[in-house]
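# Structural characterization, general
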Amino acid sequence: MEGIDSDGWERQTLVFDDQRLACAALMALAPDVEVLEPASLREELAGIARLLVARDRGAGPGGAHEAG
């Protein structure tokens, strides 16, 4: 534990065996988590979030489409 900042966020350093495991574990905490480093993990999580939003809007692969 590294302490709580003025916005109420607690900064912690987590160690994972690989990035895919880290990504899965951190997605389970969304939206109450922010990855600061490494940049590659931050980018992977952002990419997954973009895919989820696209699917929710019916624009991505496997997304629900409005009847029309």
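Residues numbered from 1 in each chain as written. Predicted model: local features only at pLDDT ≥ 70, side-chain atom pairs only at ≥ 80, totals over all residues. Heavy atoms only, no water.

## Regarding the packing of helix α1 (residues 19-27) against helix α2 (residues 39-56)
Direction vectors running N to C along α1 and α2 enclose 55°, while the axes themselves pass 10 Å from each other. One finds that α1 runs oblique with respect to α2. Here the hand of the crossing between α1 and α2 comes out right-handed. When α1 is examined against α2, the residues Q19, R20, A22, C23, L26 and M27 are found in contact with a partner set consisting of S40, L41, E44, L45, I48 and L52. In terms of residue class, the contact of α1 with α2 is made up of eight nonpolar, two polar and two charged. (Axes fitted to C-alpha atoms, helices over the stretch in contact; angles between N-to-C directions. Helix = DSSP H or I, 4+ residues; strand = E, 2+ residues; numbered from the N terminus. Parallel < 35°, antiparallel > 145°, perpendicular 65-115°, else oblique. Left-handed = near helix turned anticlockwise from the far one by under 90°. Contact = heavy atoms within 4.5 Å. Nonpolar A, V, L, I, M, F, W, Y, C, P; charged D, E, K, R; others polar.)

## Focus on the nonpolar core
Grouped together as the largest cluster of nonpolar side chains are six residues: A22, C23, L26, V35, L41 and L45. For this core, the secondary-structure elements that each account for two or more residues are α1 and α2. Top contributing element to this core by residue count: α1, with three residues. (Core = buried A, V, L, I, M, F, W, Y, C linked by side-chain atoms within 4.5 Å. Buried < 20%, exposed > 50% of the residue type's maximum accessible area, 1.4 Å probe, protein only.)

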